[in-house]
Amino acid sequence: KQWYQRRVRGSRYRGEVGDIVVGRITEVQQKKWKVDCGSRLDCQLQLSSVYLPGNVLRRKNLNDELMMREYFSEGDLICAEVAEVGNLDGMLKIHMRTHEKYGKLPEGLLIKVPSVLIKRSKLHFHRLPCNATVILGSNGFVWVGPHFIPEQPIEAISMTLRETIARLGNVIRALAAYGVQLFDTIILTGYDISLKYKVKELLKPEVMEHIAQESYEHSQHQTL
């Protein structure tokens, strides 16, 4: 297929049950958190729908309510799954039905892209060979950061890893700017192509187009 520039207009995310989403806590309320997931209304995360520290999913009590900000506070980035879509207002209710991949995200980089660019897949969590993890939220929120295990402490992020994370972030921005659908292999291709440039050079328009075009054409050859 011939390369073409396809500018994608952003639109509000409309979730479906089972979607994996990345979001930011905007408010702590009684027995629930409000979460910005890019939808028209903030998502709701009920206290009863999260695993507590220690990997426990149990009936929550008053003490748990008082500790809510210890679990998640305003500004925290989280990963969760859409459990319910409101019939009338379309409000999304999200939950964390397993501690193994859902929960609070460590320090990393958040990139927002049009949700239509996220290829629907069974896998949205990608541990890349360049020592970074990418989570492709169905809502268009993409998190890039270090490899991690939920609730386990992570080591201080080295300058080398910070540069890798920044490089991946700029590659994702370049692909999204030209309407290229995002999935793990095309991001890795773009990353490899980007290595001939310095990280700050990746935001130059001509470099962004080169990375997007080369990555797109490589992915098309792979599918032939």
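Each remark here, short or long, concerns the structure printed above.
This one's a predicted model, so the numbers in the text were calculated from it and none came from an experiment.

Peer 1: Quick rundown of the overall build of the chain? Include the residues and the values.
Peer 2: Within the chain one finds five helices and ten strands. Its C-alpha radius of gyration of 18 Å places the chain within 12% of the 17 Å reference for a compact globule of 224 residues. Taken over the C-alpha atoms alone, the chain extends approximately 60 × 45 × 30 Å along its principal axes. Relative to its 224 residues, the chain shows a buried fraction of 47%. Accessible area of the chain: about 12,400 Å², with a carbon and sulfur share of 48%. Side-chain charges in the chain split into 31 positive and 25 negative, and the spacing between the mean points of these groups amounts to 3 Å.

Peer 1: A description of the packing of aromatic side chains should follow, citing residues and the corresponding values.
Peer 2: Summed over the entire model, instances satisfying the criterion amount to three aromatic pairs. Geometrically, the ring pair formed by tryptophan 33 and phenylalanine 72 is edge-to-face, given 5.2 Å between the ring centres and 70° between the ring planes. Residue tryptophan 33 is found in strand β2 (residues 32-36), and its partner phenylalanine 72 is found in the loop between α2 (68-71) and β4 (77-85); the two are separated by 39 residues along the sequence. For the pair tryptophan 33 and phenylalanine 72, a shared accessibility class is recorded, and that class is buried.

Peer 1: Any chance you could break down the nonpolar core for me, citing the residues and the numbers?
Peer 2: Looking at soluble globular proteins, one finds that nonpolar side chains tend to be buried together. Counting 35 residues, the largest nonpolar core has Val113, Val142, Val144, Leu168, Ile172, Leu175 and Ile187 as its most contacted members. For this core, the secondary structure elements donating two or more residues are β9 (132-136), β10 (141-146), α3 (159-177), α4 (184-194) and α5 (205-223). Residue contributions to this core peak at eight residues, all from α3. Residue contacts for isoleucine 172: discarding those within four places in its chain leaves Ile111, Val113, Val142, Val144, Leu182 and Ile187. Judged by nonpolar contacts, the second largest core, of 32 residues, contains Cys43, Phe72, Ala80 and Ile135.

Peer 1: Explain the pattern of salt bridges to me, using residue names and the numbers behind them.
Peer 2: Throughout the structure, instances matching the rule amount to three salt bridges. With a shortest N-O distance of 3.6 Å, aspartate 76 and lysine 104 are connected by a salt bridge. Separated by 28 residues along the polypeptide, aspartate 76 in the loop between α2 and β4 and lysine 104 in strand β6 (residues 103-104) bring together distant segments of the chain. The exposure class of aspartate 76 is buried, given its relative accessible area of 13%. For lysine 104, a relative accessible area of 46% corresponds to the partly exposed category. Close ionic contact of arginine 162 with glutamate 107 constitutes a salt bridge, the shortest N to O distance being 3.1 Å. With arginine 162 in helix α3 and glutamate 107 in the loop between β6 and β7 (109-112), this pair connects stretches of sequence that are 55 residues apart. On the basis of relative accessibility, which here comes to 37%, the residue arginine 162 falls in the partly exposed class.

Peer 1: Residue-level account of the environment of leucine 161, with values.
Peer 2: Assignment of secondary structure puts leucine 161 in helix α3. As a C-alpha pair, leucine 161 and asparagine 131 span 30 residues in sequence and 7.4 Å in three-dimensional space.

Peer 1: Just give me the short version of the layout of surface pockets, but keep the residues and values in it.
Peer 2: What the largest pocket holds in volume is close to 370 Å³. Phe72, Gly103, Lys104, Pro150 and Glu151 are, among the 20 residues lining the largest pocket, the residues nearest its centre. If you list the elements that add at least two residues to the lining of the largest pocket, you get α2 and β6. Here the residues of the lining of the largest pocket are counted per class, giving 14 nonpolar, three polar and three charged.

Analysis parameters
- Residues numbered from 1 in each chain as written.
- Predicted model: local features only at pLDDT ≥ 70, side-chain atom pairs only at ≥ 80, totals over all residues.
- Heavy atoms only, no water.
- Helix = DSSP H or I, 4+ residues; strand = E, 2+ residues; numbered from the N terminus.
- Rg over C-alpha atoms; globule rule 2.2 N^0.38 Å.
- Buried < 20%, exposed > 50% of the residue type's maximum accessible area, 1.4 Å probe, protein only.
- Areas by Shrake-Rupley, 256 points an atom, 1.4 Å probe, with all protein chains shown as cover.
- Lys, Arg positive; Asp, Glu negative; His and termini not counted.
- Charge placed at Lys NZ, Arg CZ, Asp CG, Glu CD.
- Phe/Tyr/Trp six-rings, centres within 6.5 Å; stacked < 30°, edge-to-face > 60°.
- Core = buried A, V, L, I, M, F, W, Y, C linked by side-chain atoms within 4.5 Å.
- Contact = heavy atoms within 4.5 Å.
- Salt bridge = Lys/Arg side-chain N within 4 Å of Asp/Glu carboxyl O.
- 1 Å grid on protein atoms, 1.4 Å probe; cavity = no way out; pocket = protein on both sides within 12 Å on 5 of 7 lines; lining within 4 Å.
- Points joined across faces, edges and corners; volume = space filled by probe spheres on them.
- Nonpolar A, V, L, I, M, F, W, Y, C, P; charged D, E, K, R; others polar.

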